[in-house]
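What the coordinates show
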Amino acid sequence: MAGLVAAARARELGLDPVVIEKGTRAGGSMLLSSCVIWRHLDWDDFRAECPDGDEALQRSIWERLDDALAWLVSLGADPVWDDTENPRTTGKRFDPRALTQLLAHDVRLETELEADAEPPLLLATGGFGKRLAAGRGLFLRANPWSGGAGLDYGLARGAAVTTGMDEFYGRAMPAPPARIREQDFVPLAQLYGREARVLTDDGQDITPAKVAWHENDLAQLIGSSAWYVVGKANDRIEAARAAGGTVVDRDDGSIAVHVAAGVTHTIGGLRIDTRARVVGLDGVWAAGADAGGVATGGYASGLAQALVLGLAAAEDAAGYSP
Ligand SMILES: Cc1cc2nc3c(=O)[nH]c(=O)nc-3n(C[C@H](O)[C@H](O)[C@H](O)COP(=O)(O)OP(=O)(O)OC[C@H]3O[C@@H](n4cnc5c(N)ncnc54)[C@H](O)[C@@H]3O)c2cc1C
């Protein structure tokens, strides 16, 4: 998303950007998402839920999101929800296909970010979720192309990274042999972990004393294999069963669902300032999940991060001279 947003804003500012897209389609993980672009309603909640992030960067995203959403609407994006359905957050929901179509313009498909690409350059490759998932044996619940090219580009030139490089935003998903297609990423998310007992494969109870509303903490905890045990079925469990996941109806009436974490995107990344400039690199910006320091220690909207930082990068790069 960040690259498409930046390009749209850059065109508005009279520039002629080129979007290089490694995949076979535009839209990245935004296209696969629920497309709720949100912020915490209350600034203190954001800080408390993502305590290890860069406060100035968090503050700029939190303060700029409402205007950024108004900008999207001014381009012609039609919200399907005018606000979130979560009392802790505010934002808008869009149709991801329609939003991609609106933003994608002259995207050069199936082209890699070049190692010798010249500034001014925006890194917006969606983080390194593919690499993190492969390294830990986890399922990739995201576009299949975000393998860390932006991070590598920055690191090769001496850029610094944030803390939280081992954190990811993810969801508990039905463990193999469940068949999970891209269109199943949202409905198959096993989002009832707060009501479940969590067991390891050998039956050890690892249920945390407290689970966050977003359950991202549970996704980190369960890793590549665990069980959710609940008292009664729900739609997501039935969806897991229908997809061939392992769902066991136990003699005591409870239901055990074999789950594994699916990685959506990384939380750590390149260190940037509030104008999305990569700290220490002249003429290079990073936006979206290529940047770290926003949701560190918790969970915040990846789409908000992509939208606000994509705009910030385009606006700052418009004034760039080598
Ligand atoms: C199922 C699902 C549901 C989600 N729901 C929500 C939600 O409701 N709200 C929310 O805030 N977030 C949600 N997210 C997360 C959100 O989609 C991401 O945070 C967001 O898309 C990240 O934006 P980005 O621009 O960093 O990456 P992306 O949108 O993934 O875009 C990165 C692009 O870079 C391309 N790329 C990668 N490597 C290269 C390379 N070497 N050269 C060229 N191009 C490259 C990729 O193909 C991709 O098109 C969801 C994600 C998924 C998968």
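Throughout this description, residue numbers start from 1 for each chain and increase along the sequence as written. This being a predicted model, a pLDDT of at least 70 is required before a residue's local features are given, and a value of 80 or more before pairs of side-chain atoms are given or counted; all residues contribute to the totals for chains, interfaces and linings. By convention in this description, side-chain values take in all heavy atoms of the structure and omit both hydrogens and water.

**Here's the deal with the layout of surface pockets**
Heads up, the condition is: We place a 1 Å grid over just the protein atoms. Points where a 1.4 Å probe fits but has no way out form a cavity, open points with protein on both sides within 12 Å along at least 5 of 7 lines form a pocket, and any residue with an atom within 4 Å of a point lines it. Grid points are joined across faces, edges and corners, and a volume is the space filled by probe spheres set on the points. When residues are grouped by polarity, Ala, Val, Leu, Ile, Met, Phe, Trp, Tyr, Cys and Pro land in nonpolar, Asp, Glu, Lys and Arg in charged, and all others, Gly among them, in polar.
Each pocket or cavity is described by its volume, and for the second largest pocket that value is around 250 Å³. Together, 15 residues line the second largest pocket, and Leu31, Leu32, Ser33, Pro96 and Arg97 are the ones closest to its centre. In terms of residue class, the lining of the second largest pocket is made up of 7 nonpolar, 3 polar and 5 charged.

**Considering empty space enclosed by the protein**
Applying the stated criterion across every chain yields a total of 3 cavities of 30 Å³ or more. There is about 60 Å³ of room inside the largest cavity. Trp38, Arg39, His40, Phe46, Ile61, Trp62, Val294, Ala300, Ser301, Ala304 and Gln305 are the residues that line the largest cavity. Within the lining of the largest cavity, the residues separate by chemical class into 7 nonpolar, 3 polar and 1 charged. One number sums up the size of the second largest cavity: a volume of about 40 Å³. Looking at the lining of the second largest cavity, its residues break down into 2 nonpolar, 7 polar and 1 charged.

**Some remarks on helix H4 (residues 96-103)**
We apply this condition: The buried label applies to any residue whose accessible area, calculated with a 1.4 Å probe on protein chains only, is under 20% of its type's maximum; exposed applies above 50%, and partly exposed to all values in between. Segments assigned H or I by DSSP are reported as helices when at least four residues long, segments assigned E as strands when at least two residues long, and all are numbered from the N terminus. When we speak of the arc, we mean the arc of directions from the helix axis to the C-beta atoms.
Considered for burial, the residues of H4 that qualify are Pro96, Leu99, Thr100 and Leu103. Buried positions in H4, seen along its axis, are confined to an arc of 100° and lie on one side of it. Exposed positions of H4 whose direction lies more than 90 degrees from the buried face are Arg97 and Gln101.

**As for the pattern of salt bridges**
Where charged atoms from two side chains of opposite charge come close, those side chains can pair. Counted only if it meets this: What makes a salt bridge here is a side-chain nitrogen of Lys or Arg within 4 Å of a carboxyl oxygen of Asp or Glu, nothing more.
Applying the stated criterion across every chain yields a total of 18 salt bridges. A salt bridge links Glu112 to Lys22; the shortest N-O distance between them is 3.6 Å. With a gap of 90 residues between them, Glu112 in the loop between strand S4 (107-109) and strand S5 (121-123) and Lys22 in the loop between strand S1 (19-21) and strand S2 (36-40) connect regions that are remote in the sequence. The class of Glu112 is partly exposed, set by a relative accessible area of 42%. Among the ionic pairs, Arg275 bridges to Asp316, the shortest N-O distance being 3.0 Å. With Arg275 in the loop between strand S11 (255-266) and strand S12 (284-286) and Asp316 in helix H9 (residues 302-317), this residue pair connects regions lying 41 residues apart in the sequence. A residue is classified by how much of its surface remains accessible, and Arg275, at 39% relative accessible area, is partly exposed. Among the charged side chains, a network of salt bridges with common partners joins Asp273, Arg275, Arg277 and Asp316.

**Side note on the side chain of Glu215**
Going by this rule: Polar contacts, as counted here, are pairs of nitrogen or oxygen atoms within 3.5 Å of one another; within protein the pair requires one atom able to donate a hydrogen and one able to accept it, and residues that are adjacent in sequence qualify only if both atoms are side-chain atoms. Any pair of residues with heavy atoms lying within 4.5 Å of one another is described as a contacting pair.
Relative to the helices and strands, Glu215 resides in the loop between strand S8 (197-199) and helix H7 (216-222). In terms of polar contacts, Glu215 uses its side chain to reach the backbone amide nitrogen of Tyr192, at 3.4 Å. Look past the residues within four positions of Glu215 in its chain and what remains in contact with it is Gln190, Leu191, Tyr192, Gly193 and Arg194.

**A few points about the nonpolar core**
Using the following cut-off: We call a set of buried residues a nonpolar core when its members are Ala, Val, Leu, Ile, Met, Phe, Trp, Tyr or Cys and they connect through side-chain atoms within 4.5 Å of each other.
Within the largest apolar cluster, 86 residues are counted, with the highest numbers of intra-cluster contacts made by Met1, Ile37, Leu72, Leu99, Tyr228 and Leu307. When residues in this core are grouped by element, the largest group, 10 residues, is from H9. Among all residues touching Leu72, those that are not within four sequence positions of it are Met1, Ile37, Ala77, Phe94, Leu99, Leu102, Leu103 and Leu307. In terms of nonpolar packing, the next biggest core, distinct from the first, is built from 8 residues, Leu32, Ile180, Phe185 and Leu188 among them.

**Regarding the pairing of S2**
This is how it is decided: Pairing between strands is defined by DSSP: at least two bridges between the two strands are required.
Counting buried residues in S2 gives 5 out of 5 residues, a clear majority hidden from the surface. Taken together, the 5 bridges between S2 and strand S3 (residues 89-93) define a ladder with antiparallel strand orientation. Looking at the pairing, Ile37 lines up with Lys92 of S3.

**Things to note about helix H1 (residues 2-12)**
Counting buried residues along H1, 8 of its 11 residues qualify, which places the element largely inside the surrounding structure. The set of residues buried in H1 consists of Ala2, Leu4, Val5, Ala6, Ala7, Ala8, Arg9 and Ala10. The elements touched by buried residues of H1 are S1, helix H3 (55-75), H4, S4, S5 and H9. Looking at the residues trailing H1, positive phi occurs at Gly14, about 90°.

**A word on the side chain of Thr162**
Note that Thr162 resides in the loop between helix H6 (149-156) and strand S7 (168-174). We classify Thr162 as buried; its relative accessible area is 10%. In this structure Thr162 touches Gly268, Gly269, Leu270, Arg271, Gly292 and Gly293, once residues within four positions along its chain are discounted.

**Overview of the site of the ligand**
In plain terms, the rule: We call a residue near a given molecule or strand whenever any one of its heavy atoms falls within 4 Å of it. Each accessible area is a Shrake-Rupley estimate made with a 1.4 Å probe; only the visible protein chains count as cover when residues are assessed.
Inspection of the region around the ligand gives 37 residues, with Met1, Glu21, Val36, Ala289 and Ser301 positioned closest. Here a nitrogen atom of the ligand and a backbone polar atom of Lys22 are 3.0 Å apart. Taking Ser301, its side chain carries an N or O atom lying 2.6 Å from an oxygen atom of the ligand. Against a free-state accessible area of 990 Å², the protein chains account for coverage of 97% of the ligand. Only S1, S11 and H9 provide two or more residues apiece to the shell around the ligand. Of the residues forming the shell around the ligand, the biggest block, 3 residues, is contributed by H9.

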